[in-house]
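Listed here are the chains, written in short residue letters.
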Amino acid sequence: MRCHKVPSASVRAEKNRCARNCFLCPLCRNTLSVVPSDPPEPEDPRLSPIATSTIGEPPFFLYCNFCRWDSADVGIVFDKPTGLAVQLQKYEDSAPDTLEFERLKEHFEQFIRVSNAVASNHPTGSNHMNSITAAASSVLSRDIPGVAKYSGRKSKSDKHNNRDEVPPYRSRFEAGANGILGQGGGENDVSFLATLEDISEVQTLEQRSISKFSDNSVTVPSDLRPLRIPLHSKKSKRCPSCRHILIKPEQKAQSVKYKIKLVAVNYLPAITVTLPSFAPPAPTLDKLKRSLTAKQNPEDEKTGPFQMQAGKTYPFHIALTNPLYDLITVKLSVQRTAQPTGKRPAFAVSLPAAAFPIAAYAEAWEYEDDDEMFDNETDDIDELLEMRGLSPPEREVRAKTRNKTVGVLEKKANTTVIGGEVVIGKDGRGDVKFNMLVSYTYRSDDIGSSEVEGGASKTPKALALETKTFSFYTVVDLGVIVPKDESGSNI
Amino acid sequence: MPPIKDKFTIHSKAVVCQDVDLKGDITIGAGTVVHPKATILAIGPIVIGQNCIVEESAIIVNRRKEIMRIGDDNLFEIGCRVESPSIGNANTISTRARLHHTVRLTSYCVVGPGCLVAPIQDETFEDFTVVYGASSEYRLWSGRGKVQEMDLRRKHAEYLREMLPKFNRLRRGDNA
Ligand SMILES: [Zn+2]
Ligand SMILES: [Zn+2]
Ligand SMILES: [Zn+2]
């Protein structure tokens, strides 16, 4: 996609598009490649190899590897594979819309020059006023012939009378005449649409909106043209409060990397939710066989939202992974939503009430999957906890909730899995989706660390000076409720 | 359902890695390459022609009793799942695409990455059918470029036949 670096001076002249050999597929927006024509087809194209001497022969055309559209479909071919933009220019320049636009520009050019001179004498002071918008607004506020004069305006237009002298514009063709000339629009489009049988015969709105302005009368896919790639700018972003650079992309046009990339997600615990009652089937032969013998149903490998039955209770797991080099203590709570009076909530969620620890991230864990080591580590974490002085009641609660549905289920390296439970109401309907507030606290050893200073919502909670607490909301989507009678039998 | 009886007929010029899941009556033609971790499950027999490429974690299934015939020069990309009762020649099934048993392919069809083809009624795609995009739209390819593409595919298979045996143990058929 990202193709070339374009000097800012030529951006406007090229109408914000890349002027080199970069084109997008008008059907699917994949990047088009220039390909030579096929050599003459051998007797059996699949068996005899093609002679290398016949490869790379003209005519060349633009080809989409994704949807297999090619420009020869619409009669655009090239003698050589270079300078395509120039070769295509003639199609673009002769388009009636382009000609009309050029004519308009010409018409207003003199006017813009005059108002430029005026504007330079009287700086407007507004950022939004450049010579073109000034000219446009001046024309718009001009008196319309045949319409009663707007008195409030009169004195002003008198003063700048010479500035407003723009001769009336005459278009190349009368509006609506395009259809007669076979350029789309007008009557032709009406009759085309009236006899339409399949919606795919018409360009989608998306296709039309990304087309150049000069394609605005095109409705039929056979009229699609390769699109010049719109230019993008690369922007750095700073923190609004401290001006620290948060992201800074690499300068090179082809690169998608960042020189600086401080994103919040690197500092927030990663959260994944699973429902043990709906474990996804692994694609093993055994499973395959089972699903095959059970039902010949295209839905058998459906991986859509989990279907939960009304009136039932489901346990779920939330795995939190700590990205920080420090131990964090996390507390989860469900946001209570206001219910309309007389309506019972569709479901109720229970989460462990007590805070729980997640061990620090350590690089070694990434490569180690020896279970024993994890067990040792968990012991260490318990010790660590005591050392760090988690309050005794908190520890007690943690011990109690062990081996239950709700509570801390598993601690493995820097991931802690906690269990929750959702009770679906008898008349529950809709999505099982709730907002969860995640608060986490950690003590950073190095006080000077500026890592998290730009964090999202910082709630200063003065446990100790070096303790930092952050909290954020996240949405947990467990699945959808199906009423008892409609529930699929495949659960 | 009676237990599936295994019978593997693998051509001596085929390259089938040891680490594949084969089940049922399967015939693999000359020059065809089956990568490790691919799955071929034949409740009814499956016959694969010449110079096909079956990539990692691709799954080919024949649910019916009749023979599932797959022609020559077909490419089954990583993680695709194909249950079409019949497939012609020179088709491309892209990564993670899924074809249900209600669709048959003729030749030079392209099913794009992640596309799901599951018509409710049985359907046969004519030559050069292309399925693409998030909503699995259909269109017909002009066929321009097919000679070069097939040339490339042949070289692709040739390279794999040379390289895969260097890093993988191969499976031989019952006939060998
Ligand atoms: Zn470019
Ligand atoms: Zn395309
Ligand atoms: Zn800041």
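The name given to chain B in an unreviewed UniProt entry is Dynactin subunit 6, with the source organism recorded as Clathrus columnatus. If you open the UniProt record of chain B and go to Subcellular location (unreviewed entry), you find "Cytoplasm, Cytoskeleton".

As recorded in an unreviewed UniProt entry, chain A goes by the name Dynactin subunit 4, listed as coming from Clathrus columnatus. Chain A has a UniProt comment under Sequence similarities (unreviewed entry) that states "Belongs to the dynactin subunit 4 family."

Secondary structure assignment for chain A yields ten helices and 17 strands. Put simply, chain A has 491 residues, and 32% of those count as buried. Look at the contacts in chain A between residues 6 or more apart in sequence, and 69% of them connect residues 24 or more apart. Roughly 30,900 Å² of accessible area belongs to chain A as shown, and the carbon and sulfur atoms make up 53% of that amount.

Moving on, we come to the coordination of the zinc ion (ligand 2). Around a metal, the idealised angle for a tetrahedral arrangement of four donor atoms is 109.5 degrees; for an octahedral arrangement of six donor atoms it is 90 or 180 degrees. Residues and elements named next belong to chain A. The protein atoms donating to the zinc ion (ligand 2) are Cys-25 (SG), Cys-28 (SG), Cys-64 (SG) and Cys-67 (SG), with metal-donor distances spanning 2.2 to 2.3 Å. Taken together, the four donor atoms coordinating the zinc ion (ligand 2) span angles of 102 to 114 degrees at the metal, a pattern that classifies the geometry as tetrahedral. Looking at Cys-67, the relative accessible area reads 0%, which means it is buried.

Turning our eyes to something else, we now look at the pairing of strand β11 (residues 328-334) of chain A. Residue and element names in this part refer to chain A. With five of seven residues buried, β11 is to be regarded as a mostly interior element. As paired strands, β11 and strand β13 (residues 356-358) are joined by three bridges and run antiparallel to one another. Bridge pairing links Ile-328 to Ile-358 in β13. As defined by bridge partners, β11 adjoins strand β16 (residues 430-443) across seven bridges and the pair is classed as antiparallel. Residue pairing in the sheet places Ser-333 in a bridge with Leu-437 of β16.

Further remarks concern unusual backbone geometry. Residue Pro-59 of chain A is bonded to the preceding Pro-58 of chain A through a cis peptide linkage, with omega at 0 degrees. Position of Pro-59 of chain A relative to the elements: it lies in strand β3 (residues 57-64). We note that Ser-57 of chain B has phi near 55 degrees; this positive angle belongs to a residue other than glycine. Given a relative accessible area of 34%, Ser-57 of chain B falls into the partly exposed group. Within the chain, Arg-96 of chain B stands out as a residue other than glycine whose phi angle is a positive 60 degrees. Here Arg-96 of chain B lies in the loop between β12 (92-93) and β13 (98-99). On the basis of relative accessible area, Arg-96 of chain B is assigned to the exposed category, the value being 62%.

Before going further, it helps to spend a moment on the pairing of strand β6 (residues 245-249) of chain A. All names here are of chain A. Both strand β5 (residues 237-238) and β6 contribute to a ladder of two bridges, which runs antiparallel. For Lys-237, the partnering residue across the bridge sits in β6 and is Ile-247. The hairpin turn running from β5 into β6, its antiparallel successor, is six residues long, and Arg-243 in that turn takes a positive phi close to 65 degrees. By the bridge criterion, three bridges tie β6 to strand β7 (residues 258-261) in an arrangement that is antiparallel. When the bridges of β7 are listed, Lys-248 appears paired with Ile-260.

Residue and element names in this part refer to chain B. The eight strands are arranged β2-β4-β6-β9-β12-β15-β18-β19 in an open sheet whose pairing can be described as mixed. Either end of the sheet is taken by a strand with one partner, and the two such strands are β2 (15-16) and β19 (137-140). Note that strand β18 (residues 129-132) and β19 share four bridges and pair antiparallel. When the sheet's bridge partners are listed, Val-130 is paired in β19 with Arg-139.

Okay, the nonpolar core next. A general trend in soluble globular proteins is that nonpolar side chains are found buried together. Residues Ile-40, Ile-60, Phe-76 and Ile-93 of chain B are the most contacted members of the largest nonpolar core, which totals 43 residues. No other element matches strand β5 (residues 39-48) of chain B, which puts four residues into this core. Among all residues touching Ile-60 of chain B, those that are not within four sequence positions of it are Thr-39, Ile-40, Leu-41, Ile-46, Ile-48, Val-54, Met-68, Ile-70, Phe-76 and Val-82 of chain B. In terms of nonpolar packing, the next biggest core, distinct from the first, is built from 34 residues, Leu-275, Val-334, Val-349 and Ile-481 of chain A among them.

Each value, and the rule that gives it
- Residues numbered from 1 in each chain as written.
- Chains lettered and ligands numbered in written order.
- Predicted model: local features only at pLDDT ≥ 70, side-chain atom pairs only at ≥ 80, totals over all residues.
- Heavy atoms only, no water.
- UniProt positions renumbered as here; feature names shortened; annotations may be inferred.
- Helix = DSSP H or I, 4+ residues; strand = E, 2+ residues; numbered from the N terminus.
- Buried < 20%, exposed > 50% of the residue type's maximum accessible area, 1.4 Å probe, protein only.
- Contact = heavy atoms within 4.5 Å.
- Areas by Shrake-Rupley, 256 points an atom, 1.4 Å probe, with all protein chains shown as cover.
- Donors = N, O, S within 2.8 Å, 3.2 Å for Na, K, Ca; no water.
- Tetrahedral: all angles 85-135°; square planar, octahedral: opposite > 155°, others 65-115°.
- Pairing = 2+ DSSP bridges.
- Core = buried A, V, L, I, M, F, W, Y, C linked by side-chain atoms within 4.5 Å.

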